[in-house]
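Examination of the molecular architecture
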Amino acid sequence: MSSTQHNLVQRRKVTKLKALKNFNNETAITTTTTMIAVNRSTDYKNERFQRCQEGNKLEHLVDTSRKTAFTSASASSKAYSTLATVAAAALCNGNITAFVNCCRDVNCRLETTVCGCQPFYDIQRDSWSKESSTVCSNNCSSSCLADYQSQPQQQQHPGLEDENYQEPTESGIRSTSIRGSENSTTFSQLQQEKFVLQLQLDLFSWVLFLIAFCTRFYRLNMPRDVVFDELHYGKFISHYVRHIFFFDQHPPLGKQLIATFVSGLDYNGNFTSTRIGSHYSQTVPIFWLRFVPALFGSLLPSAVYHLLHESGISRWCSLLGGLLVIFDNALLTQSRFILMESMLLLFGVLGLCMLLKFQKTSFSKPVWIFYGIAAASLLTCAVCVKYVGFLTYCLAGYLVIKHLWDLLYDATISNLQICLQTVVQFIIFTVLPLCLYLFVFYIHLQTLYRAGPHDSVMTSAFQASLEGGLASITKGQPLKIAHGSQITLRHTHGRTCWLHSHTHVYPLRYIDRRGSSHQQQVTCYSFKDVNNWWIVKRPERDDLVVENEPDIIRHGDIIQLVHGITSRALNSHDVAAPMTPQCQEVSCYIDYDVNMKGELLWRVDILNKESEGSIWHAIKSEVRLIHVSTGAALRFTGRQLPEWGFNQHEVAGDRVKDNKDAIWNVEEHRYTKDQDEHEREQQLLKAEMLPTKPTKLTFFQKFLELQAKMFWHGPQIQSHMYSSEPLEWPLLTKGIAYWLDTKSNGQIYLLGNILIWYTGSIAVLIYAVLGLFYILRKQRLCYDIDFQEWQRFLTIGHIYFVGYLMHYLPFFFVERTLFLHHYLPAFLFKLLLLCYVVEHIDYLFRRYCGRLWWMVRLYRLLVLLWLMTIVAIYIRFLPISYGLKKLTADEIIKLRWKDTWDFVLQRDTLLH
């Protein structure tokens with residue numbers, strides 16, 4: 001340190017000591033207020049200017065001076081000169097600022113510029129700053145300013161990095177670290193090497209990848225049995241290879257990637273397994289089916305490392321994050337089988353990493369648009385793997401909006417540039433993801449053009465558009481509905497079922513003692529049955545035969561529907577429905593010779609007549625049947641009838657007509673040719689009929705129908721012995737049995753590294769408590785950490801703490817069966833937050849125990865021991881993560897650290 005700098009340090013320290021002695025001096029208060037508190041009646045008066053000025057890092061010095069009144073008129077001239085220097089360099093927009101970045105504000109009234117020539121002493125941090133030196137006069141050369149602006153911004157708080165930064169102390173220079181200094185390159189060097197391609201390899205990143213690759217690919221083809229949801233995903237992939245349509249609640253991208261990979265290996269899609277634990281045949285390339293998830297799982301630790309480093313965390317703590325991902329048993333297990341979570345997590349992490357690069361890059365650089373497109377694409381891919389990826393996309397949307405909001409405070413950016421950035425980012429993060437999402441489903445629907453076992457979930461029109469589907473078994477079916485048409489009416493939206501009746505009647509009284517009409521039951525039946533047939537009849541005609549010139553039914557026509565087997569007409573009246581009393585009963589009318597006449601007339605309302613025409617067509621026309629007497633619409637209520645109704649679903653008349661459950665379409669159709677009732681019944685019993693030719697649906701018609709089914713008609717698992725609640729996830733209360741060896745106790749059990757999960761949960765609480773503590777202290781004008789560390793604390797919170805809450809809290813409102821693997825995205829954010837908490841505590845030790853270096857070293861030793869314990873636990877539970885070792889009952893019991901972990905033991909083993 002030069003003598004001048006050293007003297008300056010000593011003078012300012014003496015000044016502060018003298019200032020404290022004059023706490024009650026009223027003259028000091030007046031002098032200080034006159035000198036540095038001009039136009040400062042409230043804190044943060046000009047927030048916009050303060051946000052855009054890095055130099056405002058000294059503002060709490062002014063607030064502290066107001067609170068402690070540490071300067072007085074009778075103080076030494078050194079104190080006056082020190083504060084006068086601060087005041088003289090400031091007064092931009094009426095605010096006190098530091099020595100740096102004064103002239104970045106376009107509204108600055110001093111017209112000063114900033115040099116980056118020499119370091120200066122920062123009073124707030126009591127350390128030397130390398131950001132800038134002094135405020136130049138108006139004749140400061142432009143080259144000086146350019147040199148300052150071209151200098152890389154250095155990190156003001158050393159962490160656990162490996163780069164060195166020289167910080168002056170009383171005894172000399174102390175070596176600490178500044179991240180990123182090795183990346184600085186002068187303009188002249190770039191000019192000389194502009195035709196030279198430089199390749200930089202991050203050693204930490206590659207080491208993480210290699211370790212993860214070894215752990216994920218170790219004996220990947222074992223066990224050669226179906227493990228957990230491989231039963232479903234394996235079938236879906238085989239359907240992709242064979243172009244057979246299937247229905248899944250989740251988007252198709254993950255399955256597309258695996259199917260694309262294995263289709264190049266001459267895999268014929270022969271997947272015949274029917275239960276978990278069944279053995280794969282030799283024709284199934286199980287190693288290559290598991291290859292893509294394992295590869296994504298191997299890349300995840302390196303991606304986590306880069307995300308942590310990009311968010312401002314040191315390389316060593318970023319390395320720690322990658323190691324924690326490697327040594328978590330749950331992430332290991334989930335990456336080794338035909339499951340989607342490894343792809344979901346990798347796309348989400350890479351998308352956030354690209355988003356942070358995007359926000360740090362200047363708008364004028366071409367790479368800015370590249371990072372934005374990459375971030376939007378990767379985040380959309382996460383959504384296209386599983387819909388839980390939408391939570392990650394919401395987090396990214398929050399960060400984008402926050403970034404745009406912060407730009408409003410930067411006076412160096414013009415209004416036009418802010419508007420332009422907003423429009424471009426709206427296109428990148430809204431239009432582009434939507435196009436990519438549509439493209440994924442376009443590939444999905446174009447690939448799966450053949451009929452398959454899941455066709456019945458879709459509407460008749462969708463089935464008829466598939467090759468070999470509904471159209472292949474409905475040849476010769478007439479298109480137009482007419483008087484005498486024999487039809488089956490299918491519930492169009494929601495649950496797949498057909499309007500049905502049988503000879504059984506409603507009970508005289510229901511269990512709640514309400515009475516019924518005792519008429520013939522009408523239900524909605526989920527299976528094809530001869531009792532699903534109905535005959536369309538004009539009210540004024542007695543015959544049911546279709547003539548040579550069919551009497552076509554059109555929109556608004558009044559008809560009767562006669563049950564094909566019992567020949568009783570569809571009826572409704574003002575009697576409460578059995579399961580939905582607010583609706584009216586629907587039945588087939590039986591004349592009991594009592595004072596209850598049949599109300600048998602129904603009006604046909606064609607809802608899509610604009611596109612399909614006013615003629616009632618089979619398959620395509622969506623109709624609503626309105627009861628003429630009461631105005632109620634024929635509706636599927638979704639309620640299940642008790643045993644007297646054979647557990648079929650209730651059909652009722654609802655006067656609220658605008659309901660999707662009141663929409664029906666004709667699926668099977670033929671014309672009645674015989675007037676004799678007995679002959680007609682025999683024809684119905686023997687007939688199998690439907691459309692004349694395949695229907696043609698546009699991509700958007702099929703896409704919208706598929707989306708509606710995915711959101712509202714997904715299969716629901718009512719209960720499962722390994723299901724769990726969100727409150728049980730943070731402390732790893734319950735796992736999932738994935739696979740069991742039938743010859744031994746060898747098994748695969750989804751269970752995380754308990755030490756990582758517990759310390760991660762504690763880290764979330766520590767961060768929340770520290771954040772609340774810092775905010776409360778800041779309100780009291782007490783600054784426990786420096787400005788830059790506070791900014792980093794907030795940035796980490798916006799990304800990881802908010803990300804954890806956004807991925808965890810929504811599951812408390814999900815009404816479906818949940819499992820531990822649903823928590824993995826939230827767990828990953830908890831792990832990322834844990835890495836920052838470890839580094840932040842290290843920062844606090846260095847800040848407040850800097851002279852007691854043994855305490856800092858002790859803390860780092862404890863972190864190292866903690867990591868070694870994590871590795872030991874990881875190794876301890878490897879047998880149930882890989883499932884390769886035959887375990888005895890005693891070994892299984894020793895692994896049962898919590899009573900709620902339901903490991904599986906073979907019965908014959910227990911007997912011994």
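Residues numbered from 1 in each chain as written. Predicted model: local features only at pLDDT ≥ 70, side-chain atom pairs only at ≥ 80, totals over all residues. Heavy atoms only, no water.

Time to look at the overall build of the protein. Of regular secondary structure, the protein possesses 29 helices and 20 strands. Taken across its 912 residues, the protein has 55% of its residues classed as buried. The long-range share in the protein, meaning contacts at least 24 apart out of those at least 6 apart in sequence, stands at 74%. In the form shown here, the protein has an accessible surface area of approximately 42,200 Å², with 58% of it arising from carbon and sulfur atoms. (Helix = DSSP H or I, 4+ residues; strand = E, 2+ residues; numbered from the N terminus. Buried < 20%, exposed > 50% of the residue type's maximum accessible area, 1.4 Å probe, protein only. Contact = heavy atoms within 4.5 Å. Areas by Shrake-Rupley, 256 points an atom, 1.4 Å probe, with all protein chains shown as cover.)

Moving on, we get to a nonpolar patch on the surface. Residues L852, W854, L858, L861, L862, L864, L865 and M868 make up a contiguous nonpolar surface patch of about 800 Å² in total accessible area. One can find M868 in helix α26 (residues 853-876). (Patch = residues over 30% accessible without salt bridge, like charges linked within 9 Å, V, L, I, M, F, W, Y side chains within 5 Å. Salt bridge = Lys/Arg side-chain N within 4 Å of Asp/Glu carboxyl O.)

This brings us to empty space enclosed by the protein. Regions of empty space are outlined by a rolling probe, equal in size to a water molecule, passed over the atoms. Enumeration according to the criterion identifies eight cavities of 30 Å³ or more in this entry. Lining the second largest cavity we find 14 residues, and of these L345, G348, T392, L828 and F829 sit closest to its centre. The element best represented in the lining of the second largest cavity is helix α15 (residues 341-360), accounting for five residues. When the residues that make up the lining of the second largest cavity are grouped by side-chain class, the tally is ten nonpolar, four polar and no charged. (1 Å grid on protein atoms, 1.4 Å probe; cavity = no way out; pocket = protein on both sides within 12 Å on 5 of 7 lines; lining within 4 Å. Points joined across faces, edges and corners; volume = space filled by probe spheres on them. Nonpolar A, V, L, I, M, F, W, Y, C, P; charged D, E, K, R; others polar.)

It is worth spelling out the packing of helix α16 (residues 366-385) against helix α18 (residues 415-447) at this point. The description of two packed helices rests on the angle between their axes and on the distance between the axes. Direction vectors running N to C along α16 and α18 enclose 40 degrees, while the axes themselves pass 9 Å from each other. Taken together, α16 and α18 sit at an angle that is classed as oblique. At the point where α16 passes α18, the crossing takes the right-handed sense. Across the interface between the two elements, W368, I369, G372, I373, A375, A376, S377, T380, C381 and C384 from α16 touch Q421, V424, Q425, I428, F429, L432, P433, L436, Y437 and V440 from α18. (Axes fitted to C-alpha atoms, helices over the stretch in contact; angles between N-to-C directions. Parallel < 35°, antiparallel > 145°, perpendicular 65-115°, else oblique. Left-handed = near helix turned anticlockwise from the far one by under 90°.)

In this structure, P223 follows M222 across a cis peptide bond, with omega equal to -5 degrees. Within the fold, P223 resides in the loop between α8 (203-217) and α9 (230-242). With phi around 70 degrees, I619 is a residue other than glycine that occupies positive phi space. Tracing the chain through its elements places I619 in the loop between α20 (609-612) and β15 (623-627). Judged by its relative accessible area of 5%, I619 is buried.

By size, the foremost hydrophobic cluster in this structure holds 166 residues, and its most contacted members are I258, L324, F347, L355, F429, W757 and Y800. Ranked by residues supplied to this core, first place goes to helix α25 (residues 824-848) with 14 residues. Excluding residues within four positions of it along the chain, F429 makes contact with L355, F358, G372, A375, A376, Y393 and V400. (Core = buried A, V, L, I, M, F, W, Y, C linked by side-chain atoms within 4.5 Å.)

What follows deals with the side chain of R290. Along the chain, R290 falls in the loop between α11 (286-289) and α12 (291-310). There is a polar contact of 3.0 Å between the side chain of R290 and the backbone oxygen of L220. When residues no more than four places from it in sequence are discounted, the contact partners of R290 are L220, N221, M222, P223, D225, V227, E230, Y280, R336, F337 and I338. (Polar contact = N/O pair within 3.5 Å; in protein donor to acceptor, adjacent residues only side chain to side chain.)

Going through the model one piece at a time under the given rule, you end up with 26 salt bridges. Salt-bridge contacts for D654 lead to R635; the nearest nitrogen and oxygen are separated by 2.8 Å. With a gap of 19 residues between them, D654 in strand β17 (residues 649-654) and R635 in strand β16 (residues 633-640) connect regions that are remote in the sequence. No difference in accessibility class separates D654 from R635, as the two residues are buried. Across the pair D842 and R846 runs a salt bridge, and its minimum N-O distance is 2.8 Å. With a gap of four residues between them, D842 and R846 both fall in helix α25, about one helical turn apart.

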